[in-house]
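Results of the structural survey
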Amino acid sequence: MITTPKQDGFWMPGEHSPQQSVWLAWPTRLDNWREQAVPAQQVFTHFIKQLQTQVQVKVAVLPELVKQVTELLPQDVEVHAIAYNDAWMRDIGPTMVINQAGEMRAINWQFNAWGGELDGLYHDWQDDQLVASEVAKREQVQQYDAPFILEGGSIHCDGEGTLYTTEECLLHPSRNPHLSKAQVEENLREYLGVEKVIWLPKGLYNDETNGHIDNLLHLVRPGEVMLTVCEDADDPQYDISMIALDILQNARDAQGRKIKVYILPMPGPLYMSEMEARGLVQPDRMVREAGERLGASYANFLICNQAIFYPLLDTQQDAKAEKVFAQAFPDHKLIGIPGREVVLGGGNLHCITQQIPA
C-alpha cells in the first residue's frame, strides 16, 4: 500500500484490548536453544496449553516439522507451515492496526536480526523478513510495508495516542542511522497512529536487542505502566531504572494524564551456567557462554484478554512480582510460566508472542 496507517485512519491498539488470537513460532535454532531446543520446546508446549485457555493460538512451524509439532500440541492449536530463522514472533511477525470501523491491517516492518551486519545476532535473516507477510496473508488482511527497520518488542502503544520506546534501540546505529530522532518519531506517528512518544534512554542492562522497551517496561492500561527497578545501587541496572522512573513520573501521556508507575522487582541477576552453555552449538555472532548475564525481567509478560502470563525467573523474587501483578491487574487471572529456558535464548513471553486484535 502506498498510504500509511495514519492517513487511512488506523492505529495500533493496546495489548490490554481484546484479542482474537496469539501467534508464536516454534524454537529450533541449535545456537540459541540448548540441547537440540528440547527444553525450550517443552516450555513453549506448556505455555501454549495455558495460553489456549484464553485465546486461539496459532504457531508457525518449519515445514519439515509440522507433523511432529502437531502431535505435541493440543488439537485446537493451529499449526502453520512457515519458514523463519528464529522463534521471536514479536519481532518478526506483523504489528496489527485497527480503525473505527473495526477493520484490521498489518504492518510489515523491515527486520535485520537486531543489528544487521553491525551487530545482528545471526548472519541470515531472509526467512524472518517474510514472516510478517505470511501471517498477514493467513489473517487475510492488507499490509503496509514500512520503509524502516523496527521490531515489535521495541514499542509499547496504549491505543490512545501514546507510545513508549528507548533511544538505545530506535536510535541505535544498527537500525536506521540515516534517520534523525525527529524522523523516527514521524515514522512512528505515521505507522502506529500515535501522537506522543515517551523516550526512555536505555533498556534492560545487557539486553542483546539493544534495549527493547518490553524487557524494561510494560503498559498496564492507558496512563499506567510497570517498570523493572533494581534496588542494588552497585548494579549497572540501578541507574538505568532510576532515570527511567524519573522520566515517567514527570511525563504526561498523549491525553494529558500523569503516568502511574508500578514497580517490578528485578530477578537475579541471573547468569548462564556451564551446563547450559555446553548444551549449545556455539554461534559465530551470538555470545552464549557460561557466566554471561541474562536479560531477565518480569516486565516481559503478556496481557491476553482476562489473563496475565508472566515469567517465573527467580524463587527469591517471583512472589514479589506476583503481588505487583495482582495490584495492577485485580480482575485478571495470573498465570506464571517457567521463564528460564526462554531467557537463555534472549527474551521471554512477550518476545515469543504477537497478538491479533479482536
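Residues numbered from 1 in each chain as written. Predicted model: local features only at pLDDT ≥ 70, side-chain atom pairs only at ≥ 80, totals over all residues. Heavy atoms only, no water.

**Structural notes on the pairing of strand S1 (residues 19–25)**
With respect to burial, S1 is a largely interior element, six of its seven residues being buried. Pairing between S1 and strand S16 (residues 354–357): four bridges, direction antiparallel. When the sheet's bridge partners are listed, Ser 21 is paired in S16 with Ile 356. Here S1 runs beside strand S2 (residues 56–61); their pairing, made up of five bridges, is parallel. Paired with Leu 24 across the two strands is Val 59, which belongs to S2. In this view, the connection linking S1 to its parallel neighbour S2 by way of helix H1 (residues 38–51) has right-handed handedness. (Buried < 20%, exposed > 50% of the residue type's maximum accessible area, 1.4 Å probe, protein only. Helix = DSSP H or I, 4+ residues; strand = E, 2+ residues; numbered from the N terminus. Pairing = 2+ DSSP bridges. Right-handed = clockwise from strand over helix to strand, strands pointing away.)

**Looking at the pattern of salt bridges**
Across all of its chains, the model carries 18 salt bridges by this definition. With its nearest N and O atoms 2.8 Å apart, the salt bridge here joins Arg 29 to Asp 31. By relative accessible area, which is 15% here, Asp 31 ends up buried. Glu 341 is the partner of Arg 34 in a salt bridge, and the nearest nitrogen-oxygen pair spans 2.6 Å. You can see Arg 34 sitting in the loop between S1 and H1 and its partner Glu 341 sitting in helix H11 (residues 340–344), a full 307 residues away along the chain. Judged by its relative accessible area of 15%, Glu 341 falls in the buried class. Each of Glu 134, Lys 137 and Arg 138 takes part in salt bridges that share partners, so that together they form one network. (Salt bridge = Lys/Arg side-chain N within 4 Å of Asp/Glu carboxyl O.)

**Regarding unusual backbone geometry**
Cis geometry marks the peptide bond from Gly 268 to Pro 269, where omega comes out at 15 degrees. Along the polypeptide, Pro 269 turns up in the loop between strand S12 (260–265) and helix H9 (274–278). Although it is not a glycine, Gln 36 sits at a positive phi angle of roughly 60 degrees. Along the chain, Gln 36 falls in the loop between S1 and H1.

**A closer look at H1**
Given 3.6 residues per turn, any residue in an α-helix points the same way as the ones three and four places further on. Over its 14 residues, H1 extends 20 Å from the first C-alpha to the last, a length consistent with the 20 Å expected when each residue adds 1.5 Å. Within H1, the full set of buried residues consists of Pro 39, Ala 40, Gln 41, Val 43, Phe 44, Thr 45, Phe 47, Ile 48 and Leu 51. (Expected span 1.5 Å × (residues − 1).)

**Some points on the environment of Val 131**
Within the element layout of this structure, Val 131 appears in helix H5 (residues 128–138). Given a relative accessible area of 1%, Val 131 falls into the buried group. With 115 residues separating them along the chain, Val 131 and His 16 place their C-alpha atoms 24 Å apart. Apart from the residues lying within four places of it in its own chain, the contact partners of Val 131 are Ile 82, Ala 83, Tyr 84, Met 89, Ile 92 and Gly 93. (Contact = heavy atoms within 4.5 Å.)

**Here's the deal with the sheet that holds strand S6 (residues 143–149)**
Taken together, three strands build an open sheet; the order of strands is S4-S5-S6 and the sheet is mixed. Two strands bound the open sheet, and with one partner strand each, they are strand S4 (95–98) and S6. Sheet twist, expressed as the average angle between the axes of neighbouring strands with direction ignored, equals 30 degrees. In the packing of H5 onto the sheet, the strands contacted are strand S5 (104–110) and S6, and the crossing angle to S5 comes to about 170 degrees. Running at roughly 170 degrees to S6, helix H7 (residues 181–192) makes contact with S4, S5 and S6 of the sheet. (Axes fitted to C-alpha atoms, helices over the stretch in contact; angles between N-to-C directions.)

**A word on the side chain of Gln 237**
Its location among the elements puts Gln 237 in helix H8 (residues 236–250). Dropping the residues within four chain positions of it, Gln 237 is found in contact with Gly 203, Leu 204, Tyr 205, Leu 216, Cys 230, Met 266 and Arg 293.

**Side note on the sheet that holds S16**
Strand order across the open sheet formed by four strands is S3-S2-S1-S16, with mixed pairing between neighbours. Each of the sheet's edge strands pairs with one partner strand only, and the pair in question is strand S3 (78–81) and S16. Between one strand axis and the next, the sheet turns by 25 degrees as a mean value, whatever way the strands run. Each of S1 and S2 is contacted by H1, which is oriented at about 175 degrees to S1, the strand it contacts most.

**Observations concerning the state of the cysteines**
Per the counting criterion, the structure on display carries zero disulfides. Here Cys 157 stays free of any disulfide, with the sulfur of Cys 169 as its closest cysteine sulfur at 14 Å. Cysteine Cys 169 remains unbridged, with the sulfur of Cys 351 as its closest cysteine sulfur at 11 Å. Here Cys 169 falls in the buried class, since its relative accessible area comes to 1%. (Disulfide = S-S within 2.5 Å.)

**What about the pairing of S2?**
For a regular strand, the rule is simple: side chains alternate between the two faces of the sheet. Along S2, five of the six residues are buried, which leaves the element largely enclosed by surrounding structure. Sheet topology places S2 next to S3; four bridges connect them, and they run parallel. Its bridge partner lying in S3, Val 59 is registered against Val 79. The β-α-β motif built from S2, the intervening helix H2 (residues 66–72) and the parallel element S3 has right-handed crossover chirality.

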